[in-house]
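A closer look at the structure
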Amino acid sequence: MEAGLSHSMEDGTNPPKPLDAGALFVLKSKGSWWHCAYHLTTSIVSPAILSLPFALSLLGWVGGVFFLTMTALVTFYSYNLLSVVLEHHAQLGQRQLRFRDMATDILGPGWGRYLVGPIQIGLCYGTVIAGVLIGGQSLKFIYLLSRPNGTMQLYQFVIISGVLMLVLVQIPSFHSLRHINLVSLVLCLCFCASATAGAIYIGHSKTAPVKSYSVHGSGEHRLFGALNAISIIATTYGNGVIPEIQATIAPPVKGKMFKGLCVCYAVVLTTFFSVAISGYWAFGNQAKGTVLANFMVDEKALLPSWVLLMTNVFTLLQVSAVSLVYLQPTNEVLEQKFADPRIDQFAVRNVMPRLVFRSFSVVIATTVAAMLPFFGDINAVLGAFGFIPLDFILPMIFYNVTFKPKQSLIFWGNTLLAILFSALGALAAISSIRQIILDANTYRLFANI
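Structure report, in brief. Everything numeric in this text was worked out from a predicted model, so none of it was measured.

This part covers the pattern of salt bridges. For the coordinates displayed, the defined rule picks out seven salt bridges. Note that D20 and R98 form a salt bridge whose closest N and O atoms lie 2.9 Å from each other. On the criterion of sequence distance, the pair formed by D20 in the segment before helix 1 (21-26) and R98 in the loop between helix 3 (52-91) and helix 4 (99-107) is long-range, its members being 78 residues apart. R98 gets classed as buried once you look at its relative accessible area, which sits at 7%. Of the charged contacts, one joins R98 and D101 as a salt bridge, the two residues approaching to 3.0 Å between their closest N and O atoms. Each of the two residues, R98 as well as D101, counts as buried.

Structure (structure tokens):
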């Protein structure tokens with residue numbers, strides 16, 4: 001049956017391999033490079049970039065702009081390396097559709113099953129939890145703009161955000177998100193423009209806060225602050241689903257991912273640098289965890305209410321699209337486990353497990369987000385253990401093992417980058433865990449923060 005045969009062949013040299021239900025139903029290869037650009041932009045440009053002014057406050061102007069630029073260059077390079085490796089295997093008739101497939105074929109079965117697969121699923125699911133939480137926080141902010149003395153609690157808004165995801169998660173495949181992710185691209189430009197304009201407006205206003213660009217603390221605190229900032233920047237540029245995005249492209253795939261990445265990084269550079277530099281310029285070392293928090297002082301808005309409302313609406317809608325993208329690896333695993341690839345995707349036999357298990361995964365994510373509104377600290381650990389290995393280390397290893405460019409500049413450059421980011425990842429993980437320990441006394445389940 002043709003529907004169940006691998007669409008990994010591009011030259012017809014190898015016999016087709018049957019696809020499991022996860023690859024067949026969730027990772028349909030029907031998209032163009034434009035669709036790929038929409039998916040890439042949604043997966044990278046998210047409300048997490050609103051924390052970049054805070055990261056710059058921990059590094060200062062020179063260190064902040066340097067790491068912001070270096071991380072952009074390294075991730076663009078590493079994502080292209082992943083794409084080249086995927087294209088190489090596709091041309092050999094062995095198209096790899098998932099990160100764990102790459103690890104299994106290139107490094108061995110144990111790497112895919114016990115390391116790369118669990119890291120990716122944990123990272124993506126953690127991002128979904130954070131997305132539901134951010135959605136709840138945006139809803140609460142909108143609510144308090146209209147009812148400053150309102151009594152609704154954060155967990156109630158998180159549940160509302162989860163209900164929205166409960167509906168959207170039933171969208172059947174990654175390719176089906178292409179129109180949503182086009183809207184998401186527009187929304188990310190909108191909320192970044194709002195945040196940038198808001199910071200510039202406040203920075204020039206008569207009520208502008210006193211700015212200082214010196215880095216707080218000294219010695220140990222400054223070191224761990226810098227490591228935390230590097231972790232934030234790396235996590236913000238992180239993706240973690242490059243193979244799954246490339247899997248949505250209709251064959252032949254050669255060159256299409258590069259075009260998508262060029263469009264994506266045009267948006268990335270525009271949004272990341274505008275938000276980071278304007279926010280740090282306006283608030284200096286007083287920049288908070290998200291720049292939107294700086295728009296309020298003693299519960300008094302420094303901007304017109306309609307600007308704050310508009311920015312939070314854009315954020316709420318866009319983070320829903322981001323959560324959908326990062327739900328795809330979980331959806332694919334559930335589909336692989338419980339669906340039957342021999343019958344139609346929309347047969348009752350396949351629809352019922354999809355409805356039940358996807359809904360259950362969203363209910364769990366919503367429950368965790370409501371219980372742990374301080375999940376941002378935990379997510380920093382996930383970023384250190386997830387985004388850095390998947391996006392800064394493994395692409396270099398995959399390329400070197402696949403092409404074996406020994407004694408070449410590329411080989412040694414990749415090796416150096418892998419070692420450097422392994423060390424940075426380990427230090428960032430220590431810094432993130434330390435921050436959790438320091439903040440532990442403030443943690444409370446279902447806190448209304």
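Let us look at empty space enclosed by the protein. With the rule as written, the count across this model stands at two cavities of 30 Å³ or more. In this structure, the largest cavity spans a volume of roughly 60 Å³. Every residue along the wall of the largest cavity is listed here: F67, M70, T71, I230, I233, A234, I388, F421 and L424. Among the elements of the structure, helix 3, helix 8 (220-237) and helix 15 (409-439) are those that each provide at least two residues to the lining of the largest cavity. In the lining of the largest cavity, the residues fall into eight nonpolar, one polar and no charged. Empty space within the second largest cavity amounts to approximately 40 Å³. Taken together, L334, E335, F338, A339, N350, P353, R354 and F357 make up the lining of the second largest cavity. Where the lining of the second largest cavity is concerned, the elements lending two or more residues are helix 11 (305-338) and helix 12 (348-371). Classifying every residue of the lining of the second largest cavity by side-chain character gives five nonpolar, one polar and two charged.

A few words on the packing of aromatic side chains. Applying the stated criterion to the full structure yields 16 aromatic pairs. Between the aromatic rings of W61 and Y213, the centroid separation amounts to 5.5 Å while the plane-to-plane angle is 50°, which identifies the pairing as tilted. Residue W61 is found in helix 3, and its partner Y213 is found in the loop between helix 7 (178-204) and helix 8; the two are separated by 152 residues along the sequence. What makes W61 partly exposed here is its relative accessible area of 30%. By relative accessible area, Y213 is classed as partly exposed at 28%. Here the aromatic rings of Y237 and F272 are separated by 4.6 Å at their centres, their planes lie at 45°, and the arrangement is tilted. Pair noted here: Y237 is in helix 8 and F272 is in helix 10 (residues 256-283), with a separation of 35 residues, a long-range link. We note that Y237, like F272, is buried. Through successive ring pairs, a cluster of aromatic residues spans W33, W34 and Y38. Sitting over the ring of W281, K211 keeps its end group 5.1 Å from the ring centre.

Here the focus is the side chain of S83. Considering the arrangement of structural elements, one finds S83 in helix 3. The residues touching S83, leaving out its near neighbours within four places in the chain, are Q246 and M257.

Here the focus is the state of the cysteines. Evaluation of the coordinates by the stated rule reveals zero disulfides. Considering cysteine sulfurs only, C264 is the nearest to C124, which forms no disulfide, with 16 Å between them. The thiol sulfur of C190 is not disulfide-bonded, and the nearest other cysteine sulfur, from C188, lies at 8.3 Å.

A few words on helix 12. Over its 24 residues, helix 12 runs 34 Å from end to end, which matches the ideal 34 Å to within 8%, given 1.5 Å per residue. For helix 12, every residue scored as buried is listed here: N350, P353, R354, R358, S359, S361, V362, A365, T366, A369 and A370. Tucked inside the fold, the buried residues of helix 12 contact helix 1, helix 5 (109-146), helix 6 (154-168) and helix 11.

Criteria and cut-off values
Per chain, residue numbering runs from 1 following the sequence as it is written. For a predicted model such as this one, the threshold for reporting local features is a pLDDT of at least 70, and the threshold for listing and counting side-chain atom pairs is 80 or more; totals across whole chains, interfaces and linings nevertheless cover every residue. As a convention, hydrogens and water are excluded, and side-chain values are obtained from all of the structure's heavy atoms. Any Lys or Arg side-chain nitrogen found within 4 Å of a carboxyl oxygen on Asp or Glu counts as a salt bridge. Helix and strand labels come from DSSP, where a helix needs a run of H or I of at least four residues and a strand needs a run of E of at least two; each type is numbered from the N terminus. Residue exposure (1.4 Å probe, protein chains only): buried if accessible area is under 20% of the type maximum, exposed if over 50%, otherwise partly exposed. The definitions used throughout rest on a 1 Å grid laid over the protein atoms alone, on which a cavity is an enclosed set of points accommodating a 1.4 Å probe that cannot get out and a pocket is an open set flanked by protein within 12 Å on both sides along at least five of seven lines; lining residues are those having an atom within 4 Å of a point. Grid points are joined across faces, edges and corners, and a volume is the space filled by probe spheres set on the points. Lys, Arg, Asp and Glu make up the charged group, whereas Ala, Val, Leu, Ile, Met, Phe, Trp, Tyr, Cys and Pro make up the nonpolar group; the residues left over, Gly among them, are polar. For this analysis, a ring pair means two rings from Phe, Tyr or Trp (six-membered ring only for Trp) whose centres lie within 6.5 Å, classed as stacked if their planes differ by under 30 degrees, edge-to-face if by over 60, and tilted for the remaining angles. A ring has a charge above it when a Lys NZ or an Arg CZ is no more than 6 Å from the ring centre and no more than 35 degrees off the ring normal. Residue contacts are counted whenever heavy atoms from the two residues lie within 4.5 Å of one another. Note on disulfides: each one is a pair of cysteine sulfur atoms within 2.5 Å. Expected span of a helix: the number of residues minus one, times 1.5 Å.

The quantities given are spatial measurements derived from coordinates; they are silent on function.
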